[in-house]
Amino acid sequence: MDLRLAGAIAVVTGGSSGIGLATAKLLVAEGARVAICGRDPDRLISAAEHLSTGTADNLLVERCDVLNASAVNGFAKKVLSWSNGRLDLLVNNAGQGRISTFSDTSDDQWREELELKFFSQINPIRSFRPLLEVSDHAAIVSVNALFSVEPEPEMVCTSAARAGVQNLMKSLATEFAPRIRVNSVLLGTIFTEQRRRRFEAQANTGQTIDEWINSQARNKNIPLGRFGNPDEVARAIAFLASPAASYITGASLEISGGTSRHI
Ligand code: NDP
């Protein structure tokens, strides 16, 4: 199947690592011109090396915190002049989860988490919407989690915030139709730097990383018996963002190795 992404202009927030980086790489391979952002300059430099195809013009790398509305506006202005005023796909991926229960989450942590989950979507959507409106194949993909529909008490504020974001995406799919399609991917457990950090934080278990992954996959009862990898998510994002998914909006695609239990 031809995803018809050749020549498309894409923005991937949090494109310097994990799922965002894998998505940017796949979009470049499909012939898209891709702009990524993240906060850490070293990570951005190494992502640029990883994504480089030797054609300077097909990649834009920008340091930008998606929670800083004026920085996101500045990023959008750079994309505007780099792309001649058009954007076809926006992948809102930047972020991370917070492990905490209701008992150990302070008010400030609640506010931080709600701000991260909502404004990592709201700021880029506000800033890039005028460019998306110019495209005849505009799409937004929100990277979300299965926790949004199957809450995890050990990640209480992440789960609650992600549920709100799912609700928001459903409204936007209606408000932005027919110009911009809006879809979500709901992730289970994907092995990325975020997961590596969690393994390192629990390093006193005496397990190797492979043993830890296998035991986590068993504990979580993942039917496919393993964590997902970023490329497996990237393929779903690229499809939903592409003209090949032209009649899909307001949808959520689970990428969880079969973990979900709801019908
Ligand atoms: P990584 O930590 O590997 O990548 C996260 C990316 O987001 C990095 O590029 C990071 O760069 C960037 N980022 C984080 N905060 C900001 C910010 N405020 N502004 C700009 N960039 C930011 O994690 P994953 O690839 O695992 O996660 C990608 C998304 O998927 C996240 O939203 C995550 O919560 C979600 N997710 C992941 C799951 C998993 O199992 N891996 C499960 C469910 C959801 P930098 O830190 O330099 O800014």
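Residues numbered from 1 in each chain as written. Predicted model: local features only at pLDDT ≥ 70, side-chain atom pairs only at ≥ 80, totals over all residues. Heavy atoms only, no water.

1. Things to note about the overall build of the protein chain
Looking only at helices and strands, the protein chain features 8 helices and 7 strands. Dimensions of the protein chain, computed from C-alpha atoms along their principal axes, come out at roughly 50 × 40 × 40 Å. Burial analysis of the protein chain (263 residues in total) assigns 49% to the buried set. Once local pairs closer than 6 in sequence are excluded, the contacts in the protein chain between residues at least 24 apart make up 74%. Here the protein chain has roughly 12800 Å² of accessible surface; of this, 51% comes from carbon and sulfur atoms. (Helix = DSSP H or I, 4+ residues; strand = E, 2+ residues; numbered from the N terminus. Buried < 20%, exposed > 50% of the residue type's maximum accessible area, 1.4 Å probe, protein only. Contact = heavy atoms within 4.5 Å. Areas by Shrake-Rupley, 256 points an atom, 1.4 Å probe, with all protein chains shown as cover.)

2. With respect to the packing of aromatic side chains
Tallied over the full model, the rule gives 4 aromatic pairs. Centroid distance Phe199 to Trp212: 5.4 Å. Interplanar angle 55°. Geometry classified as tilted. Of the two residues, Phe199 sits in helix 6 (residues 193-201) while Trp212 sits in helix 7 (residues 209-219), which places them 13 residues apart along the sequence. Comparing Phe199 with Trp212, the two get one shared label, buried. An angle of 80° between the planes, with centres 6.1 Å apart, marks the rings of Trp212 and Phe227 as edge-to-face. Of the two residues, Trp212 is situated in helix 7 and Phe227 in the loop between helix 7 and helix 8 (230-241); the sequence distance between them amounts to 15 residues. In textbook terms, an aromatic cluster arises when at least three aromatic residues are bridged by ring pairs, as seen for Phe191, Phe199, Trp212 and Phe227. Positioned above the aromatic ring of Trp82 is the side chain of Arg33, whose terminal nitrogen or guanidinium carbon lies 4.5 Å from the ring centre. (Phe/Tyr/Trp six-rings, centres within 6.5 Å; stacked < 30°, edge-to-face > 60°. Lys NZ or Arg CZ within 6 Å of the ring centre and 35° of its normal.)

3. Focus: the site of the ligand
Neighbouring the ligand are 29 residues; Ser16, Ser17, Arg39, Arg162 and Thr192 lie closest to it. Asn93 places a main-chain nitrogen or oxygen 2.8 Å from an oxygen atom of the ligand. Between the ligand and the protein, one listed contact pairs an oxygen atom with a side-chain N or O atom of Arg162 at 2.7 Å. Coverage of the ligand by the protein amounts to 96% of the 890 Å² it exposes when considered alone. For the shell around the ligand, the secondary-structure elements that each account for two or more residues are helix 1 (18-29), strand 5 (138-145) and helix 6. At 4 residues, the largest contribution of residues to the shell around the ligand is made by helix 6. (Near = heavy atom within 4 Å. Polar contact = N/O pair within 3.5 Å; in protein donor to acceptor, adjacent residues only side chain to side chain.)

4. Side note on the confidence of the model for the protein chain
When the pLDDT values of the protein chain are averaged, the result is 96; 99% of them are 70 or greater. Strand 1 (residues 9-13) holds the highest mean pLDDT among the elements of the protein chain, 99, whereas helix 6 holds the lowest, 85. (pLDDT = per-residue confidence, 0-100.)

5. Focus on helix 7
Of the residues making up helix 7, those classed as buried are Trp212, Ile213, Ser215, Gln216 and Ala217. Here the buried face of helix 7 lies against helix 6. Backbone geometry just downstream of helix 7 places Asn221 in the positive-phi region, at approximately 55°.

6. Some details on the pattern of salt bridges
By the definition in use, this model includes 11 salt bridges. Its salt-bridge partner being Glu112, residue Arg98 comes within 2.5 Å of it at the nearest N-O pair. On the criterion of sequence distance, the pair formed by Arg98 in the loop between strand 4 (89-92) and helix 4 (107-134) and Glu112 in helix 4 is long-range, its members being 14 residues apart. Beyond isolated ion pairs, a larger network of salt bridges with shared partners links Arg98, Glu112, Glu113 and Lys117. (Salt bridge = Lys/Arg side-chain N within 4 Å of Asp/Glu carboxyl O.)

7. A closer look at the side chain of Arg195
Tracing the chain through its elements places Arg195 in helix 6. Despite its burial, Arg195 pairs with no opposite charge; the closest candidate is Glu152, at 9.0 Å N-O. Beyond its immediate chain neighbours, meaning those up to four positions away, Arg195 contacts Gly188, Thr189, Ile190, Trp212, Lys220 and Phe227. (Lys, Arg positive; Asp, Glu negative; His and termini not counted.)

8. Observations regarding the nonpolar core
Of all hydrophobic cores here, the largest spans 31 residues; its most connected members are Leu27, Val34, Ile36, Val185, Leu187 and Ile237. Put simply, the parts of the chain that give this core at least two residues each are strand 1, helix 1, strand 2 (33-38), helix 2 (41-51), strand 4, strand 5, strand 6 (180-187) and helix 8. When residues in this core are grouped by element, the largest group, 6 residues, is from helix 8. Apart from residues no more than four positions distant in its own chain, Ile237 is found in contact with Ile19, Thr23, Val91, Val141, Val143 and Val185. (Core = buried A, V, L, I, M, F, W, Y, C linked by side-chain atoms within 4.5 Å.)

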